[in-house]
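Close look at the chain arrangement
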Amino acid sequence: MPAEAKDVAFHVLGPAAILVDGRQVELQGKRSRGLLAALLLHEGRVVPSAELITLIWDGDAPKTAANQLQIAVHRLRTALSAAGLDGRLGTRDGGYALDLPEDARVDLHDFRELSATAAARAAAGDWAAARDTGRAALALWKGPAWDGLGAAGPRRAAEAERLTAVELTRAAELVGGDRAALAELRALVAEHPYHQRFWYLLILALALRGRSAEALEAHLAARELHQRDLGTALGPELAALERAILRGEPHAAFDAVRAWTFGAAAPASPGGLPADLRDFTGRAAEGDHIAAILRANPRHRDPAVVVIAGLGGIGKTTFAVRLAHRHAGLFPDGCLFVDLRGFDDVPKDTHAVMGDLLHALGVTGQAVPADPDARLGVYRSVMAGRRVLLVLDNAASEAQVRPLLPVHAASAALVTSRRLLAGLDGAFVVELDVLSPPEAIGLLTGIHRGGGRIAAPAALDRIADLTGRHPLALRILGSRTARMTGGDLATVLARLADEGARLDELSAGAGQVRQSIGFSYGDLGEDAARLLRLAALLPTPRFGVEAAAGLLGTDLLDAEAVLDELADAQLLRPVDHGTRYLMHDLVRLFARERADDEDDPADIRAALDRAFGLLLALAHHADDALGYRYYPTPPPPARTPRPHPESIAAVRADPVAWFEAERELLSAAVGLAAPATAWRLLTTMVNFLDLHAYSHDAIVLIRTALDRADGDEARAALHLALARTARSLGRTDRAVRAAGLARRLYLRLGDDIRAGSATCQFAENLRVLGRPAAAYTAYEHAFALLTPHLADRTAVAQTGWCHKELAVLRLYTRGPAEALESFAEGHPFMVRAGDRGGEARTLGGQGLMNLRLGELREGIAQTEAAAVLLAEAGDRVEEIFVRVELAEAYQRDGRPDEALVAIERAVADTRALRLNGRITTALCTQGRILAAHGRTETAIGLFEEALGLVGEHQPVSRALVLVELAEAHLARGAHALARDYAEGAGAAERIGVDVPGLRARIDAASGSS
């Protein structure tokens, strides 16, 4: 391994690159550079694969994007390893994270630090230092930033930062007496013709050189350009500069340059700002986003308007005030703050507010007209000459705000509201959510530190959890507990744990969470208020439009309108790209209180039954669209409600995404819905849960449903589900009993098809228990039950699965040739049934058997085709297994690079899904391939990791890993270690591994050495 690098730098201001001790590390391929840039953009954070694909291709990803991403990951890891940075690119939770060394430098960070230093030195009057530091910052740019990313957002934001630094540096050159090069300023104006400050610097530079006529000609050119292209006049700065040149006093323009470039302290704000909170915590990402909008504002035609929306008490006002204080220097004519009291009984009148603002701006007495239209005209005229920041707090509506918005292009407005105010054209909307867990703990710690006593971390975590990380609730509870001893704090936390009393506890004087939510609730229409109450009674805080329609008993369009009202009031938060809605825990408690007071229990039960009925109908569509029919889901009851066609189409288009989004609600409904609905909800999920390795969740849900089951049909369906799930968890004895009971119940019900499926499950578990003869007999019985019903699609699919499972039995007892026959026999049944998962597995089984039989090319082709089908079917678990086999096949076929990429992807996916049952196989395969590449030490590490994951109750699997370790140590000449591992590997002989031969080879090698 290369020596640890002494000096490591990462570049994103130009082509993404890694430099070690001043030398650039070779990084192959554009996508590898794009991957490096995307990971540096989210430095240290896990970036999901889907997000990486979006950043690199920006919505234009090819079908092979996932594979290209894996290749890029492999190449970047290779480059990092060559640079002495092995292990820095990690795989976690379905994504990747780049862990930079502590002393590593990133040129973007250096640029920002130098730019900030330049601004600070200019503000102190040290123009030469500002110039030199600004030049040093700009010298770091070697080309467009974030080169390699397809996503335009990061590139635009970085370019805005660069232009600000250019503006600062050129201005420093002028103020410091350097007289910037005219050619460079002309180039800037040509490249950015609507950037008025670049025009300002060019015109001023010409005037300072005594070329006043040229300066005035440039001013005229700028004016005509803006009038022709944008339909706007030049700003007051350029008008004042023209007057100064005409007077022969260009040096007077330096005052304006100092003010707008270097963030000189703004004059006292006419309307004043409330004090900034010293313990303000969080909102960094939102703050950066709004800061970029405010900084970029002078380059746009219209003033920037930012709506900061959120639930009552979420911290909108404190956030807006923090932003205004931090960016006051961008607005030399001041900052104005107005509380519009939008949710009081009588909001402030816009006409009166306009008068207050005019007074604050120095317009008094009769100069403030009483007539509304005349007052509006005066207000706009006064604001047209001012570069101000307006903070319009607690706005009720667009109509209240719209007349107050600033006019000057270099002005801006921050508007806070409990509504989105979507009718404000051109406004940027930033919705505030609850604080993140670290932010919530940070806020509580700051409050407690002020009280002289910081509670234990566990107590802080509990406070954050019970308040739902709601800022007002955190402040209330933090203030109450800041001086409490452990016993008193435990008492308060115990009271908070009682949901019925929690809102009573979250009050401090006038600041009450219940009151804050109540203001928004009281402003709702009747249907919106009713939906809020009913949705709060669902077992989870997240739900979709169909559930809302069921609760209300209306159609989809009416439900969407009501949801929009609740979302606009910030009482629900749209999630999952607007397809579902999330209710905060404290809002749920409030709404449940209102439901207890306002709704009849019978009406509540009927509403929940409608919602769960629609959910069941959609779940049946999702299960059918999965194309995976291993579990024969019972048909829906005759009176199942019919969802809206658009909902059905959306579910069938992406059933996996629907199940993932609704899994929490479906699972919770198993314990809350009426018993006749609950067990059916569970059975619609079985195939999805099996397909995506949720077996532990499934077995808990099956037990819950069994406890509530009523009737043989329910018990039969649930025991059949239990048979499959228990086997996947290694609980074979339990699986055999469940399959046998399901078989007897279905025979009693006269359902031969599902009795045949249960018999097939019974046979498979007998094979696992080491009873092959009994298993063969059971398969014969299963086929006998299924064959008369092959006109039924369910029987066709189950016949295909029986052949597939029989193939596994034949492999272990009669060899791969007979197993190939059964896989081939099962494949047409899967195709006929439309079972894509089964089709892929039987095709993949044929490929794997051909590989074992030495038919390498045919086996690879079939296995590759199966991997594609499995990916399309969403069968990630089986896809991983197939890709592991493919990696080894590529290695045998002399394709080592493809083998490495395939196995790295398989191992990464196995880790992401936490498939401990599959990870050992994947790790051992990766180890064998790396060993073949001469990386024996790394391979041994993988084998040792695999050994640690195999339990003592898995003797054959453990023996296979010991064989790998023995072979690896034999290859490196460590004969004693090799012998130790081989001695414990005897159980591998059960499946044909020549362990005695391995031991003999070790002894022979030891003797010859």
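The present account deals with the structure reproduced in this document.

Rules used in this analysis
Residues numbered from 1 in each chain as written. Predicted model: local features only at pLDDT ≥ 70, side-chain atom pairs only at ≥ 80, totals over all residues. Heavy atoms only, no water. Helix = DSSP H or I, 4+ residues; strand = E, 2+ residues; numbered from the N terminus. Contact = heavy atoms within 4.5 Å. Pairing = 2+ DSSP bridges. Axes fitted to C-alpha atoms, helices over the stretch in contact; angles between N-to-C directions. Buried < 20%, exposed > 50% of the residue type's maximum accessible area, 1.4 Å probe, protein only. Expected span 1.5 Å × (residues − 1).

1. A look at the environment of L477
- As for its position among the elements, L477 is in helix 19 (residues 471-481).
- In the structure, L477 is positioned 312 residues away from A165 in sequence and 44 Å away in space, judged by C-alpha atoms.
- Setting aside residues no more than four positions away along its own chain, L477 makes contact with I463, T467, V492, L496 and L506.

2. Structural notes on the sheet that holds strand 11 (residues 412-417)
- With parallel pairing, 5 strands are arranged side by side in an open sheet as 9-10-11-8-12. Both edges of this open sheet fall to strand 9 (335-339) and strand 12 (428-431), since each of them pairs with a single strand only. Sheet twist, expressed as the average angle between the axes of neighbouring strands with direction ignored, equals 15°.
- Bridge count for strand 8 (residues 304-309) against strand 11 is 6 bridges, and the pairing is parallel. Its bridge partner being in strand 11, A304 is matched across the sheet by A412.

3. Some points on the pairing of strand 10 (residues 389-395)
- Across the 7 residues that make up strand 10, a large majority, 7, are buried.
- Across 5 bridges, strand 9 lies against strand 10 in parallel orientation. Residue pairing for strand 10: V338 is matched across the bridge by L392.
- When strand 10 meets strand 11, the two strands line up parallel, connected through 5 bridges. When the sheet's bridge partners are listed, L390 is paired in strand 11 with A413.

4. Section: helix 1 (residues 30-41)
- Under the 1.5 Å per step criterion, the end-to-end length of helix 1 is 16 Å for 12 residues, consistent within 8% with the ideal 16 Å.
- Within helix 1 the residues assigned to the buried category are S32, G34, L35, L36, A37, A38, L39 and L40.

5. Overview of the side chain of T350
- Note on placement: T350 falls in helix 14 (residues 350-360).
- With sequence-adjacent residues up to four places away left out, T350 is seen in contact with A399, Q400, P403 and L404.

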